[in-house]
Every structure is written in structure tokens, then in C-alpha cells.
Amino acid sequence: MASKERAGAGSVDEPTDQLALRRANLSRTLRHIRTNGPRSRAAIAAATGLHKATVSSLVDELLSRRLVREIGTEHSGSAGRPGRGIALSPDVGAVGIEINVDYLAVHGSDLTGRTVIEKRVSFDAKGRDVERCLDDLTQAAQRTLAELVRRGVTPVGLTVAVPGLVDVARGVVVLAPNLGWRDVPVATRLAHGLDPDLWIGVDNDANLAALAEYTWGVAAGTDDLVYLTGEVGVGGGVIVNGRLLRGADGFSGEVGHLPLDPGGDLCGCGRVGCWETKVGLAELVRRATPDVAYGLEQGPIPDPEERVAEVLRRLGRGDKAVATAVAEVGRWLGHGGAILVNLFNPRVIVLGGYFAELADHLIPSAQANLARMAVASTAARCHFVASHLGFTAAARGGAGVVVERMIEDPTAVSLAPAPSSSLAVAR
Ligand SMILES: [Zn+2]
């Protein structure tokens, strides 16, 4: 009976090391349950190599932190006696909120991954200054957190997804051209209106969506994938060898500003001929349905899905001009896709946002141009696929980041005993 407590081998007596070890073992136990589903204490011990008594103590702490719960009996293995199953708790959860040019998307889920809240509302970032946007964002966060509490889930954190460059460590949006934001301390600003115990993160929308795709999406588990978000702007999240590529400053993935056409149109970033001026939603609408293009209307910008639905309606009616416009956007999609294939050699390029809704019409010309323009002959092995996660992929990824953080360090979570007593937002 060699030491089963492998994680404990080599540790010394210093309290900090003991705490770090305890934290690592709590994380390991929680992660094991998330990966493998409900397990008895004995089964967890057998699989992790931790001693049974250690596992019991770890599970007790996770129970007291309300991160797991006991369910019916589970067999611990072929020879083991049945024991009480330990499952992730549906009482604790997380929120993701995406702010974009013309909508806010919110997602709230519990630790088991169950979606509790998911919705998207029209929003006009262009018509509001930064302060007003942050007020609206704070109110949306308050409403979502309160709604989660009403449904019996205590939120422990929130991530805001933003279409731009984000200093993740400081929670500051460095630059979001389409929102007109520069150096906006989103996390600090939001913290003023929310429960001080709530963890608040800020991250790039496409990075978060890429994480959501990698975890729950149509190409889940594909270790080399690129996610493209098609909104008014175009962003990218790049997963290489199963990890999100962030770059030296965390600013990688700004694929919407790949300079593709030196003689092209002015981009929101101030440069000319960026990829998003060729394939962004505003450009699609301008080409396909110029009578309802961005900037023409009085009043608030209508829902982006309505714009896409109008394009689909006209395609359905056999409108040749619209079909030509969509195919042209598809060709530019393949053009930029070829650059990504040359750089990252992904197995799939997942199309999110409006790209997903028009995927059947965009992918044929995109795929053909990708095959023509990518250098490697195996480029054909990289396929465009449509995301199934819809407009809330980034928000969902944001909630996922909170859950991942909680699993990484279960002791970072401080929960009041009663589900709603710790929340200042539940008005
Ligand atoms: Zn640009």
C-alpha cells in the first residue's frame, strides 16, 4: 500500500504549502466530478489516488462551500460498495454579459452547466456615451444577478465580454473601436454597483466565444480551432493545441483588422480596407439590403437578427442581387480565412454571430476561396462550420470563465449560508 496521497508527496510542514496543497486537492476533486459526472467518495479516491479520508474531508469542505451536493447512491467501481454520489451543485452559478454595438447578451448558468438565463436585448452603443453605456451595463448585470438569485442560484462572479482590446488583468477595455471606447475601467466601474464579494472579469468577446465553442460548441474538443464572430465588427478567438492564444499583451485575435484591401473603405479603427469592412454585418447589409443600411434610420438601430432575417427573406424570394452580395461577402470570408489557415493551421473555423445564420449561403464561396488561397494543400482539411451557440456564445464563455476560476481555486469562493443574503443587487 504505497502512499496513495500522491499529491501530498514531497510537501513540507509550512502552513502555506499545506493550504496550497489543500486548495489543489479541492480543485482536483471538483474537476474530477465535473469531468466524470457524479461519483462516490470511494470512486473519487480510487481515480485520483487521494486517500479515502482525505477525499471525505475535501468533499465535506466542498459541501460546506455549497459547490457540490449529495445525490442518490453511486457504485464506486466493480468491487466497491455503493456510496452516496457527489455531484456539482446547481445552487451556485455565474453570469456572462456581452456588450456589443447593437445588443446586450446575458447568460447565467449554474455549476452543472445548466443554462438558467439566456437573452439578448437591443442596445444602441453608438447613441450613448461611455458613462451611459456603463450605467446600462451595470443595470443589466444587476437584473441578471437578481434573476439568478430568484431562481435559487447564487452567482459568484461575472465576466463582461467586449468587442475590443482588453487588459484582462486590470479589467480595462484598452480600445473598442466600434463602441468608441478607449481606456475604460469596466471592472472597477461595475464593482461600484454590485455586491463587493462578486468577482468581476472583463475579456474580449471573441476569446470568450472561442472558449465556449471549445467547451460546448459544434467543434468542442477540437484542439486547433479559430472562432470568428460576425457582428458589425469581426473578431477572432484562436485556440492552439487546446489553449487560447492571447499573445504578449493579450491582444491577439484582432483579425477583423487584418488589412486586406489598401484601396478599400475606412474602418471603425481608423485604418483602411480592414477585413471587417468586407465581411462585417454593416457591410453585408450595405451590399445586400442597401435600403435598410446602417446609418439610414431615425431612432435606435433595430435588432441585428431582424437585419439578417431580412437578408434571408430576400434570398428566399430568389433576389439575385442579394445572392450576389452574400456570395461576395463569402469570398472575402474565405480570403481572410486563408490567412488564418496559413498562420494557425486550424482544423475548423467556427462561424459565429450573423455568419452562423447565413452559413448555408456564405460557406460555399468562402470554402472555395479558402481552398484557392491557402498555401498548404491540406487547407481543404480545414472547414468552415456554423456555430450552434447563437448570439450568446461570448456571454456563455464569460460565465464559463467564472466557473473555471472557481474550479481552479474553490477556496476563492465565499458564499453566505442563505442563497440571497449576500447580494446587494437583489432589490
Ligand atoms: Zn480596422
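Remember, predicted model here, so these are calculated numbers, not experimental data. Position numbers for residues start from 1 in each chain and track the written sequence from start to end. For this predicted model, a pLDDT threshold of at least 70 governs which residues receive local features, and a threshold of 80 or more governs which side-chain atom pairs are given and counted, while totals over whole chains, interfaces and linings are taken from all residues. Where side-chain values are given, they derive from all heavy atoms of the structure, hydrogens and water being excluded.

Student: Kindly report on the overall build of the protein chain, identifying the contributing residues and their values.
Tutor: A run of H or I in DSSP becomes a helix once it reaches four residues, and a run of E becomes a strand once it reaches two; helices and strands are each numbered from the N terminus. The number of helices and strands found in the protein chain is 13 helices and 16 strands. Accessibility here uses a 1.4 Å probe with only protein chains present; expressed as a share of the type maximum, an area under 20% marks a residue as buried, one over 50% as exposed, and anything in between as partly exposed. Every one of the 427 residues in the protein chain was classed for burial, and the buried ones make up 54%. Contacts were defined at the residue level, with two residues in contact if any of their heavy atoms lie within 4.5 Å. For the protein chain, the proportion of contacts with a sequence separation of at least 24, taken over those separated by at least 6, is 63%. In the form shown here, the protein chain has an accessible surface area of approximately 18,500 Å², with 52% of it arising from carbon and sulfur atoms. Computed by Shrake-Rupley with a 1.4 Å probe, the accessible areas treat only the displayed protein chains as cover when residues are assessed.

Student: Which residues make up the side chain of Ser89, and what values go with them?
Tutor: Inspection of the secondary structure puts Ser89 in the loop between strand S3 (83-88) and strand S4 (92-99). By relative accessible area, which is 1% here, Ser89 ends up buried. Within the structure, the side chain of Ser89 is placed 2.9 Å from the backbone nitrogen of Asp91, a separation counted as a polar contact. The residues contacting Ser89, other than those within four sequence positions of it, are Arg66, Leu67, Val68, Asp110, Leu111 and Thr112. Whenever two N or O atoms come within 3.5 Å, that pair is a polar contact, provided that in protein one can donate a hydrogen and the other can accept it, and provided that, for residues adjacent in sequence, both atoms are side-chain atoms.

Student: Talk me through the sheet that holds strand S12 (residues 225-230); I want residue IDs and the actual numbers.
Tutor: Pairing between strands is defined by DSSP: at least two bridges between the two strands are required. In spatial order, the strands read S14-S13-S12-S15-S16; together these five strands make up an open sheet with mixed pairing. Of all strands in the sheet, those bounded by a partner on one side alone are strand S14 (243-244) and strand S16 (383-386). Bridge count for S12 against strand S13 (residues 234-240) is six bridges, and the pairing is antiparallel. For Leu225, the partnering residue across the bridge sits in S13 and is Ile239.

Student: Which residues make up the coordination of the zinc ion, and what values do they have?
Tutor: Only nitrogen, oxygen and sulfur atoms qualify as donors, and only when within 2.8 Å of the metal (3.2 Å in the case of Na, K and Ca); with water excluded, sites may look incomplete. Only His257 (ND1), Cys267 (SG), Cys269 (SG) and Cys274 (SG) from the protein reach the zinc ion as donors, at distances of 2.0 to 2.3 Å. Of note is the zinc ion, whose four donor atoms meet at the metal with angles of 106 to 119° in an arrangement that counts as tetrahedral. The exposure class of Cys267 is buried, given its relative accessible area of 6%. Key to geometry: four donors with every angle between 85 and 135 degrees are tetrahedral; four donors are square planar and six octahedral where opposite donors lie over 155 degrees apart and all remaining angles lie between 65 and 115; all other sites are irregular.

Student: Residue-level account of the pattern of salt bridges, with values.
Tutor: Just to be clear on terms, a salt bridge is a Lys or Arg side-chain nitrogen sitting within 4 Å of an Asp or Glu carboxyl oxygen. On inspection of all chains with the given rule, the structure shows 24 salt bridges. A salt bridge links Glu147 to Arg151, with the nearest nitrogen and oxygen atoms 2.6 Å apart. The class for Arg151 is partly exposed, based on a relative accessible area of 47%. Put simply, Asp167 and Arg170 hold a salt bridge, and the shortest N to O gap is 2.9 Å. Residue classification places Arg170 among the exposed positions, given a relative accessible area of 55%. Through salt bridges with shared partners, one network takes in Arg31, Arg34, Glu404 and Glu408.

Student: Just give me the short version of the environment of Val272, but keep the residues and values in it.
Tutor: Relative to the helices and strands, Val272 resides in the loop between S14 and helix H7 (276-279). For the pair Val272 and Asp261, spaced eleven residues apart in sequence, the C-alpha separation works out to 7.3 Å. Once you skip the residues sitting within four places of it in the chain, Val272 turns out to touch Asp261, Pro262, Gly263, Gly264, Asp265 and Leu266.

Student: Residues and numbers for the packing of helix H2 (residues 41-48) against helix H3 (residues 52-64), please.
Tutor: Here, axes are lines fitted to C-alpha atoms. For helices the fit covers the stretch in contact, and angles between N-to-C directions go from 0 to 180 degrees. Across the interface, H2 lies against H3 with an axial gap of 9 Å and an inter-helix angle of 120°. Our classification of the angle between H2 and H3 gives oblique. Two packed elements cross with a definite hand, and for H2 against H3 that hand is right-handed. Contacts between H2 and H3 pair Arg41, Ala42, Ile44 and Ala45 from the former with Lys52, Val55, Ser56, Val59, Asp60 and Leu63 from the latter. We call Asp, Glu, Lys and Arg charged. Ala, Val, Leu, Ile, Met, Phe, Trp, Tyr, Cys and Pro are nonpolar, and the rest, Gly among them, are polar. Classifying every residue of the contact of H2 with H3 by side-chain character gives six nonpolar, one polar and three charged. Should an angle fall under 35 degrees it is taken as roughly parallel, and over 145 as roughly antiparallel, whereas 65 to 115 is taken as roughly perpendicular and any remaining angle as oblique. The sense of a crossing depends on the near helix, which, turned anticlockwise from the far helix by less than a right angle, makes the crossing left-handed and, turned clockwise, makes it right-handed.

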